[in-house]
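What follows is each chain in one-letter form.
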Amino acid sequence: MAEITRIFDFPKYQLEKFNLEKAFTSKYNGKWESISSKEYVELSNTISRGLLRLGVKPDDKIAVISTTNRTEWNVLDIGVLQVGAQNVPIYPTISKEDYEYILNHSEATYCFVSDSEILEKLNAIKGNTKLKEVYTFDEVANEKNWKEVLKLGEDTSNQDVLDDRKNNVKPSDLATLIYTSGTTGRPKGVMLSHNNLVSNVLDSEKRVPFDYGHSKSLSFLPVCHVFERMILYLYQFCGVEVYFAESIEKMSDNLKEVKPNVMTAVPRLYEKVYDKIVAKGSELSFIKKMLFFWAIDVGLKFEPYGRNGWWYEKKLGLARKLIFSKWKEGLGGNLDLMVSGSAALQPRLTRIFAAAEMPIMEGYGLTETSPVISVNDMRNGGFNVGTVGRVIDNVEVKIANDGEILVKGPNVMKGYFKDPEKTSEVLLDGYFHTGDIGEICADGFLKITDRKKDMFKTSGGKYVIPSLLENQLKQSRFIEQIMVIGEGEKMPAALIQLNVEFIEEWAKRHDNIDFTSYDDIIKNPILIERIQEEVSECNSKFGKWEQIKKFELTPDIWTIDDGHLTPTLKMKRKVIKEKYKHLIEKIYRP
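A. Highlighting the overall build of the protein chain. Scanning the protein chain from N- to C-terminus turns up 21 helices and 26 strands. In summary, the protein chain has a C-alpha radius of gyration of 25 Å against a globular reference of 25 Å for 590 residues, a match within 12%. Look at the contacts in the protein chain between residues 6 or more apart in sequence, and 66% of them connect residues 24 or more apart. In the protein chain, which carries 81 positive and 85 negative side-chain charges, the distance between the mean positions of the two groups comes to 3 Å.

Structure follows, in structure tokens:
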């Protein structure tokens, strides 16, 4: 059996151990098309030989920008790494100016893009970069296609050169530059080695209960995000079939078609799934509606391992039979495990989905840690609601005097590309300083309490932890996004973006409210009063100094394209503050 020390050892290992007929499956023109483990290895070798003929040298940087996850991305990834070059994935949703910055900063020589839309954005700045050529995955008229590189690689006469390149790649060599999505300033290029990612796969594998060689997964979290990328390597190692979702919009259809056993997502997507389920429940007839919300009430009290006692378990069994089984059916019927990362997951979602027998295993990590540091696991008492699980093997975590989480292990990055100064700020005495505040609870569970950088002091000298208030208020169906502000000010306040879909539905139930536009919505006194009730309810759970005293509703929807959110749906706090300066002034200096 092949020993795995470099990323490109995974496909060979999968071929030898599992030899899947459907290693990767993507949908083209309405039809699912698969490649086997054997084809995956062969295509990767073919693309490697083609890249050699293009003159790609060791340590060259090859950029990839894809709107959706797809088979081609994974074949190209292995093809690039086998020749000793590095894969530079770029988020498709960032601005063309950020494309230009990343391509120039990384000194990328070639770029592979998924479609004409990305190509159009890229072509606008291509002349300002060092790119020799751009290839597309989709067929685009008058443009070079990645099949041309495959064609170059069909001639196997340079296979000995490829074998030599592979043999010369060491586990400690750089494998990829992943540019952080940048909640503050310019994105930083995180340098991850083969060993960083391989060790993280092997050490995380012990926490995932797959049916090796038989499980199916649905992948839609962007593969340019290190979390999904590591998970895809993990799937390969565990012989899990991978199906790529067409889009977030078609995720529901794809779940029903694929019937996966596992999927990964960020918390905001799980929130949206839950909100849609609740919205459907609200439309049920009287008795069915009562049963539906009774089941939710039971689910929200869930504790693992029967800790609530036999009577609760009886009620839970009934709720599962009558209500939760239908939820599971609606998500394909076979979903046994969901994984969450990138941001804090609300405990209510952890409870409700575990009650519905589709547990979300929340984990914790950063791009700089390849990414997993800790993760929950239902087995062996390893699941604790409100925590991010126990630290994985071979990774060490300690809590600094100020509460910051420090990490040491083979998963910690080599540093930031071309930025020794920023590297030295976060890598000190062998530990990576995460910027997150946390604690290690009983039985070794890690709990995240806040982002160190997001904490602030009011002018009265009191500390406020925004995420605690935000996570509480995001449980309201009225609120889509919320950002707590107040650094250096006399009190905390909030900027709120409403859940328009829910509010339009809510308005229909009130005869005296007529909303014809979003502008009408945010100015309506009845609605403002209703939002105040939600805020007051939240405030009752916090100390006086941290309660939200005022709020303003923002006049537009927060989106990735308009710069409010990162591609993983985290808030860009600086951008939001800048966009709504006038609202902040209105709150503090009316």
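B. Representation of a negative patch on the surface within the structure. Taken together, the side chains of Glu 117, Glu 120, Asp 556, Asp 561 and Asp 562 define an acidic patch exposed on the protein surface. Relative to the helices and strands, Asp 556 is located in the loop between β26 (550-553) and α20 (573-579).

C. The arrangement of the sheet that holds strand β24 (residues 479-485) in detail. One open sheet accounts for three strands, arranged β24-β25-β26; its pairing is mixed. At either margin of the open sheet sits one strand with a lone partner, and together these are β24 and β26. The sheet shows a mean angle of 25° between the axes of neighbouring strands, direction not considered. Docked against the sheet, helix α19 (residues 525-539) engages β25 (493-498) and β26, running at close to 135° with respect to β26.

D. Looking closely at the packing of aromatic side chains. Going through the model one piece at a time under the given rule, you end up with 21 aromatic pairs. On the numbers, 5.8 Å between centres and 10° between planes, the contact of Phe 24 with Phe 244 is stacked. Residue Phe 24 is found in strand β1 (residues 24-28), and its partner Phe 244 is found in strand β10 (residues 241-244); the two are separated by 220 residues along the sequence. Each member of the pair Phe 24 and Phe 244 is classed as buried. Members of the aromatic cluster, connected to one another through ring pairs, are Tyr 274, Phe 292, Phe 293, Phe 324, Trp 327 and Phe 353. In this structure, Lys 398 packs its charged tip against the face of Tyr 431, placed 4.3 Å from the ring centre.

E. Expanded view of the pattern of salt bridges. By the definition in use, this model includes 33 salt bridges. Each member of the salt-bridge network shares a partner with another, and the members are Lys 27, Glu 246, Lys 250 and Glu 257.

F. Spatial organisation of a nonpolar patch on the surface. A surface patch of nonpolar side chains, amounting to about 590 Å² of accessible area, comprises Phe 286, Ile 287, Met 290, Leu 291, Leu 318 and Leu 322. A total of four residues in the nonpolar patch trace back to one element, the largest contributor, which is helix α12 (residues 286-299). The residue Leu 318 is located in helix α13 (residues 310-330) in this model. Judged by its relative accessible area of 42%, Leu 318 falls in the partly exposed class.

G. Highlighting the side chain of His 105. If you trace the backbone, His 105 turns up in helix α4 (residues 96-106). A polar side-chain atom of His 105 sits 2.8 Å from a polar atom in the side chain of Tyr 179. Excluding residues within four positions of it along the chain, His 105 makes contact with Tyr 179, Phe 417 and Lys 418.

H. A look at the sheet that holds strand β13 (residues 360-365). With respect to topology, nine strands assemble into an open sheet ordered β2-β1-β10-β9-β11-β12-β13-β14-β15, the strand pairing being mixed. The open sheet has two edge strands with one neighbour each: β2 (31-35) and β15 (390-391). In terms of strand pairing, strand β9 (residues 216-219) meets β10 through four bridges, oriented parallel. Residue pairing for β10: Lys 216 is matched across the bridge by Glu 241.

I. The pairing of β1, seen in detail. When β1 meets β10, the two strands line up parallel, connected through two bridges. Considered in β10, the bridge of Phe 24 is made with Val 242. As defined by bridge partners, β1 adjoins β2 across five bridges and the pair is classed as antiparallel. Bridging across to β2, Thr 25 finds its partner in Ser 34. The hairpin turn running from β1 into β2, its antiparallel successor, is two residues long, and Asn 29 in that turn takes a positive phi close to 50°.

J. How the structure looks around the side chain of Asp 60. Looking at where Asp 60 falls in the secondary structure, it is placed in the loop between α2 (37-53) and β3 (61-65). On the basis of relative accessible area, Asp 60 is assigned to the buried category, the value being 10%. A distance of 2.8 Å separates a polar atom in the side chain of Asp 60 from the backbone nitrogen of Lys 57. Setting aside residues no more than four positions away along its own chain, Asp 60 makes contact with Gly 55, Ala 85, Gln 86 and Thr 109.

K. Structural context of the packing of helix α1 (residues 9-17) against α2. As a packed pair, α1 and α2 sit with axes 9 Å apart at the nearest point and diverge in direction by 150°. Here α2 runs roughly antiparallel to α1, going by the angle between their axes. Of the two elements, α1 crosses α2, and the hand of that crossing is left-handed. Packed against α1, whose contacting residues are Pro 11, Lys 12, Gln 14 and Leu 15, the element α2 presents Ser 37, Lys 38, Tyr 40 and Val 41 at the interface. In the contact of α1 with α2, the residues fall into four nonpolar, two polar and two charged.

L. Structural detail: the environment of Thr 67. With respect to the helices and strands, the residue Thr 67 is situated in the loop between β3 and α3 (71-82). For Thr 67, a relative accessible area of 44% translates into the label partly exposed. It is 7.5 Å that separates the C-alpha atoms of Thr 67 and Asp 115, two residues lying 48 residues apart in sequence. Here the side chain of Thr 67 touches Asp 115 through a polar contact of 2.5 Å, side chain to side chain.

M. Summary view of helix α17 (residues 500-508). Phe 502, Ile 503, Trp 506 and Ala 507 are the residues of α17 that are buried. In an axial view of α17, the angular spread of the buried residues amounts to 135°, which keeps them on one side of the axis. Away from the buried face of α17 by more than 90 degrees, exposed residues Glu 501 and Lys 508 are located. Contact partners of the buried residues in α17: β25, α18 (518-523) and α19.

Calculation notes
- Residues numbered from 1 in each chain as written.
- Predicted model: local features only at pLDDT ≥ 70, side-chain atom pairs only at ≥ 80, totals over all residues.
- Heavy atoms only, no water.
- Helix = DSSP H or I, 4+ residues; strand = E, 2+ residues; numbered from the N terminus.
- Rg over C-alpha atoms; globule rule 2.2 N^0.38 Å.
- Contact = heavy atoms within 4.5 Å.
- Lys, Arg positive; Asp, Glu negative; His and termini not counted.
- Charge placed at Lys NZ, Arg CZ, Asp CG, Glu CD.
- Patch = residues over 30% accessible without salt bridge, like charges linked within 9 Å, V, L, I, M, F, W, Y side chains within 5 Å.
- Areas by Shrake-Rupley, 256 points an atom, 1.4 Å probe, with all protein chains shown as cover.
- Salt bridge = Lys/Arg side-chain N within 4 Å of Asp/Glu carboxyl O.
- Pairing = 2+ DSSP bridges.
- Axes fitted to C-alpha atoms, helices over the stretch in contact; angles between N-to-C directions.
- Phe/Tyr/Trp six-rings, centres within 6.5 Å; stacked < 30°, edge-to-face > 60°.
- Buried < 20%, exposed > 50% of the residue type's maximum accessible area, 1.4 Å probe, protein only.
- Lys NZ or Arg CZ within 6 Å of the ring centre and 35° of its normal.
- Polar contact = N/O pair within 3.5 Å; in protein donor to acceptor, adjacent residues only side chain to side chain.
- Parallel < 35°, antiparallel > 145°, perpendicular 65-115°, else oblique.
- Left-handed = near helix turned anticlockwise from the far one by under 90°.
- Nonpolar A, V, L, I, M, F, W, Y, C, P; charged D, E, K, R; others polar.
- Arc of directions from axis to C-beta.

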